Amino acid sequence: MVCPAVRPAQGMAPLMRAKLFVISTVLVGAMAAGCGSGGRSLSGGGPEVARTDLSAFYEQEVTWRACPAQEVPADAPKGFQCATVRVPLDYSRPGGRSISVAVNRLPAADKARRVGSLLTNPGGPGGSGLAYVYDSATDFSPAVRARYDIVGMDPRGVGKSSPVRCLTEEEGARLGKTAGSDVRALGQGHAKGCAARAGDLLPFVGTDNAARDLDVVRAVLGDEKLTYYGVSYGTLLGQFYAEQFPSRTGRMVLDSIVDPTVWPGDTAAESAAFDTALGVFVQACLDRGNCAMGRGRAEVTKKIDDLITRLNQQPLKTADGAPVTGWDLASGLNQTLFAEERWVPAQQALGAAFQGDTAPLAAYLHLVVGDGSQGASGLGGDLAVRCLHLRTEQRTPEAAEEMAAEVDKTAPFFGPMMMFGRYACTDWPAKPLPNAGRALKAEGAPEILLVQNSFDAATPAQWARSVEGQLDRARLITNTSGGHGFYTQGPCTRKAVDDYLLGGAMPARGTVCHDRAAGIPATSWGQTAADRAFEVGGAVLRWITSGTRSGGPGNPRPAADAPGWRCPAASGIRCPAPAHSARRATRAGPGWACVS
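Residues numbered from 1 in each chain as written. Predicted model: local features only at pLDDT ≥ 70, side-chain atom pairs only at ≥ 80, totals over all residues. Heavy atoms only, no water.

Undergrad: With reference to specific residues and values, describe empty space enclosed by the protein.
TA: Over the atoms rolls a probe the size of a water molecule, and its path tells where empty space is left. The tally for this structure, following the rule as stated, stands at five cavities of 30 Å³ or more. Its boundaries defined by the atoms lining it, the largest cavity holds a volume of some 60 Å³. As for the largest cavity, its lining consists of Asn 121, Gly 123, Pro 125, Gly 126, Gly 127, Pro 155, Arg 156, Val 158, Val 205, Ala 210, Tyr 233 and Val 385. Counted by class, the lining of the largest cavity contains seven nonpolar, four polar and one charged residues. (1 Å grid on protein atoms, 1.4 Å probe; cavity = no way out; pocket = protein on both sides within 12 Å on 5 of 7 lines; lining within 4 Å. Points joined across faces, edges and corners; volume = space filled by probe spheres on them. Nonpolar A, V, L, I, M, F, W, Y, C, P; charged D, E, K, R; others polar.)

This is how it looks when you write it as structure tokens:
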């Protein structure tokens, strides 16, 4: 998912044309545990480990050159510089094999007032940090660009940094043709390709090692502390860095938060958030009036479902002759939910398709899904990171089938397709990270700024609240908007992040911004808590307005008697137990806590 800034959907790993549907953003990820002497153990306690054996890497000199012209978009700013940095493949054996990670930077515009480097990560897993900085460096405010070099890094296993490649495009297309819409066969077929082509890399591409690489890059750049902006999966990378290197952590902004105790193990919770957001997408059109898609929510939803079925049987053709299948439509809708500014064009394109004119829809899907040309690398990097986050007991065929049954019940639209990653990780050839599924505390790190859209489907707001409680020192502020990516939503969101990056000024606790895309009625998300009800899995969850919240204004942490979505006992929907632990994402929708 390259989610951040104003291009929220970029953080997602691309969809292969072979119908290998993968959600990377929502699935952004937490990893765990250190190996060897590269940093502090993620099990907690103990000082940061001395880097004596790593001095050759930390003290290396790199050569910065103008980035290759063919890599830099024509509309990008001038002056990008590129370099490669050597890092050990295995940090517990720094004298063994080394690999290179690719970095780029846009130098600070005001050299006299430059304060250092702002390292970034766009999400994924599998998102290219180089591509993000090329495309999105100008999404940062002029003030930030004046004071900081904006730096991107392709994490190990991705892009130009020893990428994990599992299938060629031809092999992927062949697998897609053979497996059809069988996500189990698609996932397992892809996993076999990963083991055969990249088995030597798979044990070493975890987020723990990516965080160690980030620290080497920080040192090579000459920065005493890491200043960092990460989105989606990039927030997990940031958490891992702060856990391993608390004394080297500087100003850190984590945008659209991933909870390491939930992702990627709870596919049902993740997909339910997307099914919820699709309903909101439809309702927003209806609330605006004269909706091109239809007159009622059930009617429109059925039209979308029927269109997906029809396109899988008889694909559309784009202007260049490429087929557009129902899987492409589902992927395009998923990408649409990442950015509210895409909603109106998507609604209009769907409305035209329902009337028989499919040309606008084909053009729209080509815009948001692309041609899948980068799918092989992005998808391999996604799986290589994701699977290390699943504990051993979560990787069994039985566990996958149990999750699939729950997904069918709680998220019938997106859920079955989002099982792809879970099936691919079954019997994955590399061992899980020792701390997979555990919270990170980052004890000793300075206060970390967490920023989150309240109705983000990809990384639900409940994840952000949970992470705020897990970290030793963190402050969460929110924005009453859907979409994935807080920073570029509007003037309030920008000011909150800029003031912190430029002056170290944390926004006040409980700060809530109200920046959102034009054309989205505020009522679509149900801004008033009282008298709300939401239907999921055939059960109605009602908002309970009595009780007390702990955690302060703008930072609700449901207690046993707190207001929240009440789960009927007979609904089959599992609420957190105990209620205040928030270890399971809600089934009620993005950002809503389910209280038992």
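The structure having been displayed, the exposition proceeds.
Undergrad: An account of the state of the cysteines is needed here, citing residue identities and associated values.
TA: Counted according to the given criterion, the structure contains five disulfides. Each sulfur of the disulfide joining Cys 492 and Cys 513 lies 2.0 Å from the other. Across the S-S bond linking Cys 492 and Cys 513, the dihedral sits near -70 degrees, which makes this disulfide left-handed. A residue pair is termed long-range when its members are at least 10 positions apart, and Cys 492 in helix α18 (residues 491-503) and Cys 513 in strand β12 (residues 512-513) qualify at 21 residues. Look at Cys 492 and you get partly exposed, because its relative accessible area is 29%. With relative accessibility at 0%, the residue Cys 513 sits in the buried group. (Disulfide = S-S within 2.5 Å. Helix = DSSP H or I, 4+ residues; strand = E, 2+ residues; numbered from the N terminus. Buried < 20%, exposed > 50% of the residue type's maximum accessible area, 1.4 Å probe, protein only.)

Undergrad: Account for the sheet that holds strand β2 (residues 81-88), with residues named and values stated.
TA: Strands sit in the order β1-β2-β3-β5-β4-β6-β7-β10-β11-β12 across an open sheet of ten strands; the sheet is mixed. What marks the edges here is a single partner per strand, and that holds for β1 (65-66) and β12. The pairing of strand β3 (residues 98-106) with strand β5 (residues 148-153) spans four bridges and is classified as antiparallel. Looking at the pairing, Leu 106 lines up with Ile 150 of β5. (Pairing = 2+ DSSP bridges.)

Undergrad: Hey, could you go over the packing of helix α9 (residues 297-313) against helix α11 (residues 343-354) for me, with residue numbers and the actual values?
TA: Where α9 meets α11, the closest approach of the two axes is 11 Å, and the angle between their N-to-C directions is 70 degrees. Relative to α11, the element α9 lies roughly perpendicular. Between α9, through Val 300, Lys 303, Ile 304 and Leu 307, and α11, the contact on the second element is made entirely by Leu 350, Ala 353 and Phe 354. Of the residues contributing to the contact of α9 with α11, the split by class is six nonpolar, no polar and one charged. (Axes fitted to C-alpha atoms, helices over the stretch in contact; angles between N-to-C directions. Parallel < 35°, antiparallel > 145°, perpendicular 65-115°, else oblique. Contact = heavy atoms within 4.5 Å.)

Undergrad: Account for the pattern of salt bridges, naming residues and giving values.
TA: A side chain with one charge can pair with a side chain of the opposite charge if their charged atoms come near. The tally for this structure, following the rule as stated, stands at 20 salt bridges. Between Asp 208 and Arg 212 there is a salt bridge, with its nearest N and O atoms 3.9 Å apart. Remark: Arg 212 and Asp 208 occur in helix α6 (residues 207-221); sequence separation between them is four residues, near one turn of the helix. Here Asp 208 matches Arg 212 in class, with each residue buried. Across the salt bridge formed by Arg 509 and Glu 447, the nearest N and O atoms sit 3.1 Å from each other. Here the residue Arg 509 occupies a position in the loop between α18 and β12, and Glu 447 occupies one in the loop between α16 (420-424) and β10 (448-455), the gap between them amounting to 62 residues. Each of Glu 447, Glu 468, Arg 475 and Arg 509 takes part in one network of salt bridges that share partners. (Salt bridge = Lys/Arg side-chain N within 4 Å of Asp/Glu carboxyl O.)

Undergrad: Please give an account of the pairing of strand β7 (residues 249-255) that cites residues and values.
TA: Of all seven residues making up β7, six are buried, and the element is well covered by its neighbours. Bridge analysis of strand β6 (residues 226-231) against β7 gives five bridges, and the strand direction is parallel. Residue pairing for β7: Tyr 228 is matched across the bridge by Met 252. Regarding the hand of the β-α-β motif, the stretch spanning β6, helix α7 (residues 233-244) and β7 is right-handed. Where β7 meets β10, three bridges bridge the pair, whose relative direction is parallel. Its bridge partner lying in β10, Asp 255 is registered against Val 451. (Right-handed = clockwise from strand over helix to strand, strands pointing away.)

Undergrad: Can you tell me about the confidence of the model for the protein chain, naming the residues and giving the values?
TA: Residues with a pLDDT of 70 or more make up 76% of the protein chain, whose mean pLDDT is 80. Confidence drops under a pLDDT of 50 for residues 372-377, and excluding neighbours within four residues, the segment shows 16 contacts in the predicted structure. Below pLDDT 50 for its whole length, residues 523-596 participates in 168 contacts with residues either more than four positions away or in separate chains. (pLDDT = per-residue confidence, 0-100.)

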